Amino acid sequence: MRNFIEAEGSDSVGQVNLSVLHRLCITYFFEETVRIFCSEFFCLASSELSSVCGTLGLLLHDPSIDAAHEICEGLTLLQHRGQDACGIITCGPKGRFYQCKANGMVRDVFDANSLSRLVGGMGVGHGDLPTQNLVRYPTAGTSNHAEAQPFYVNSPYGIVFAHNGNLINTDALLHFMDASAHRHINTSSDSELLLNIFANNLQQTGKFRINEEDIFKAVGGLMEQSKGAYACVAMLAGFGIIAFRDPNGIRPLGMAARKSGTEKDYIVASESVVADASGFTEWEDIKPGEAVIITRSSLSRRQVSAPATFAPDIFEYVYFARPDSVLDGISVYRSRMAMGDALADEVQRVLTEQDISVDVVIPVPDTSRVAALNLAQKLKLPYREGFIKNRYVGRTFIMPGQQMRRKNVRKKLNAMALEFAGKNVLIVDDSIVRGTTSKEIIQMGRDVGAKKIILASCAPPIRYSNVYGIDMPSRREFVAHERTIPDIAKEIGADLVIYQTLPDLVASVRQFNPAIKTFDCSVFTGEYITGGVDEAYLNGLEETRADSIKAGNPLGNGCQVNGTSAKSLESKKLPPGYNGPVNGTDDTIGLHNSWQL
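Residues numbered from 1 in each chain as written. Predicted model: local features only at pLDDT ≥ 70, side-chain atom pairs only at ≥ 80, totals over all residues. Heavy atoms only, no water.

Looking at an unreviewed UniProt entry, one finds the chain named Amidophosphoribosyltransferase, with Thelephora ganbajun as its source organism.

So this is what it looks like as structure tokens:
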């Protein structure tokens, strides 16, 4: 707060300007409230999953108003999707771009000084951490600012790009970039790759100035070339915002409008909560395979891909999205309530079969609270908050090794003996991945006197890798890998483990939008909606995600190729003609970075 006052809150004679101070106080306390909310409800989630990321684009009708402050607030509202890096690029007068991006949470990277340097009435923001493909948690990755989004390329026309998801045909695309398009890819991020595919398609027009038809054609070409999950927001210098979603609609993206005099401001974001908090209305999900072009004079939408199966990722509803968001017409909160109701039926069936009674229902904070409360109400059991957390400890699943993850579970959660001692306890969690967190939580309950501990999961057993933007462990690290449910219970120390059935999970979500016939459930079934995922691909993916790679990075500058450190490149066959990143390059790549100036 002092920094804010020093930067903006004094007049020419050194006295505090009360009107400015009042505005800064409102801004400060808003940010603090959001920070505490995000920390309280998301930063210490129990699942051992790495998050997807949050993407945002904003176009203000009045170009004299800077968009950076509002983009920053929007990224704060998406902080639950990733806490380790963020960036904003704005477009000011004469199409000039202004950039600030770095590793760290939104509140750490952006202050009054850095935001004041981001000039312009439109911009793109992104929140998460630079790693292997796309900006995600450091599972295969690097801490290099160069891989923080958004990305920028100066030719053609000046393009800024951010995306959420993961491509599955990167090798072929990298070869095309090098051998045919002759474009250099400097990082291991899918976002830079997608940006250059889009830029190359625009380049083929050969025009001095392009129009909307050219842009739609370029996005359509990108969708034909790229396989995987991607929700993208781009900005064309002096032109406008472009947003599109992969033909299967795996990752979420939507848009909304807000009156600005007689005209409108527009926002594009990963979740509807950003639009709600900023006063935007008429939220609409961008359709699978659809592209949207927003300028200060028009809004155009077009289906640019061939029809494909619409299959949003069901894990957005189980775990990733904020409960107050609505994705593809489905309330995340209501879907989690329904998961609790459905899980209650399965719990009742299994407990009756095993002749076990339960005294109390306790959620693992925080994502499972909604489901646990509905489960307790349906079974007419007491609901208690038995785990108290320290919200200032980071997520266990971002820790680079099993040992560190295990050590940190007890630092973030404390079991209250009052709610456990002498009782048969039903613990409800959103999912069970490695089992590391579950094992420690169960042991904590036993240490404070629980008689029996039953663990119920809102999701079915996770047995397969996610290839669409969630950085999960290798299949061998899953606690459910080649284990029966009794074996899983024995492994994590529970008296009983009860899983939600897949049909019940799908029905819990789908009931709120029956038009969606299919969800991506690949982590449960091993069936990948895009095709193109075989054993060789999964083995390569798991190699880059292995804890042995996560724990160390031989290169001082964090440089990796497709998530693989330089040390291991000698034995790894790269795509033909692929040169890979340049070691020691400046981490701001082509555009001045105002961070820490």
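There's more to say after this.
(A) Molecular detail of the packing of helix α6 (residues 170-181) against helix α7 (residues 190-203). With their axes 11 Å apart at the nearest point, α6 and α7 run at an angle of 45° to one another. Here α7 runs oblique to α6, going by the angle between their axes. The handedness of the crossing between α6 and α7 is left-handed. Residues Thr-170, Leu-173, Leu-174, Phe-176, Met-177 and Ala-181 of α6 form the contact with α7, whose own contacting residues are Asp-190, Leu-193, Asn-196, Ile-197 and Asn-200. (Axes fitted to C-alpha atoms, helices over the stretch in contact; angles between N-to-C directions. Helix = DSSP H or I, 4+ residues; strand = E, 2+ residues; numbered from the N terminus. Parallel < 35°, antiparallel > 145°, perpendicular 65-115°, else oblique. Left-handed = near helix turned anticlockwise from the far one by under 90°. Contact = heavy atoms within 4.5 Å.)

(B) Focus on the packing of aromatic side chains. Here the structure, examined in full by the defined rule, presents 10 aromatic pairs. Ring centres of Phe-315 and Phe-320 lie 6.3 Å apart, and the angle between their planes is 50°; on these two criteria the pair is classed as tilted. The two residues Phe-315 and Phe-320 agree in class, both being buried. With a centroid separation of 4.7 Å and an interplanar angle of 75°, the aromatic rings of Tyr-319 and Phe-320 are classed as edge-to-face. Each member of the pair Tyr-319 and Phe-320 is classed as buried. An aromatic cluster of three or more residues is present, and its members are Phe-161, Phe-198, Tyr-230 and Phe-244. Just above the ring of Phe-151 sits the side chain of Lys-101; from NZ or CZ to the centre is 4.8 Å. Positioned above the aromatic ring of Phe-208, the side-chain terminus of Arg-209 is 4.4 Å from the ring centre. (Phe/Tyr/Trp six-rings, centres within 6.5 Å; stacked < 30°, edge-to-face > 60°. Buried < 20%, exposed > 50% of the residue type's maximum accessible area, 1.4 Å probe, protein only. Lys NZ or Arg CZ within 6 Å of the ring centre and 35° of its normal.)

(C) Just the nonpolar core, in detail. Phe-198, Ile-215, Val-219, Ile-242 and Phe-244 are the most contacted members of the largest nonpolar core, which totals 33 residues. Within the residue set of this core, elements represented by two or more residues are β5 (151-153), β6 (159-167), α6, α7, α8 (212-225), β7 (228-236), β8 (240-245) and β12 (290-294). For this core, the leading source of residues is α7, giving 7 residues. Excluding residues within four positions of it along the chain, Ile-242 makes contact with Phe-198, Ile-215, Val-219, Cys-232, Val-233, Ala-234, Leu-236, Val-292 and Ile-293. (Core = buried A, V, L, I, M, F, W, Y, C linked by side-chain atoms within 4.5 Å.)

(D) Seen up close, the sheet that holds strand β3 (residues 97-103). Within the open sheet, the 7 strands sit side by side as β3-β2-β4-β1-β10-β9-β11. Their pairing is antiparallel. Of all strands in the sheet, those with a lone pairing partner are β3 and β11 (281-285), marking the two edges. Strand-to-strand twist across the sheet, computed as the mean angle between neighbouring axes with direction ignored, equals 15°. Relative to β11, strand β9 (residues 254-260) runs antiparallel, the two sharing 3 bridges. Residue pairing for β11: Ala-257 is matched across the bridge by Thr-281. (Pairing = 2+ DSSP bridges.)

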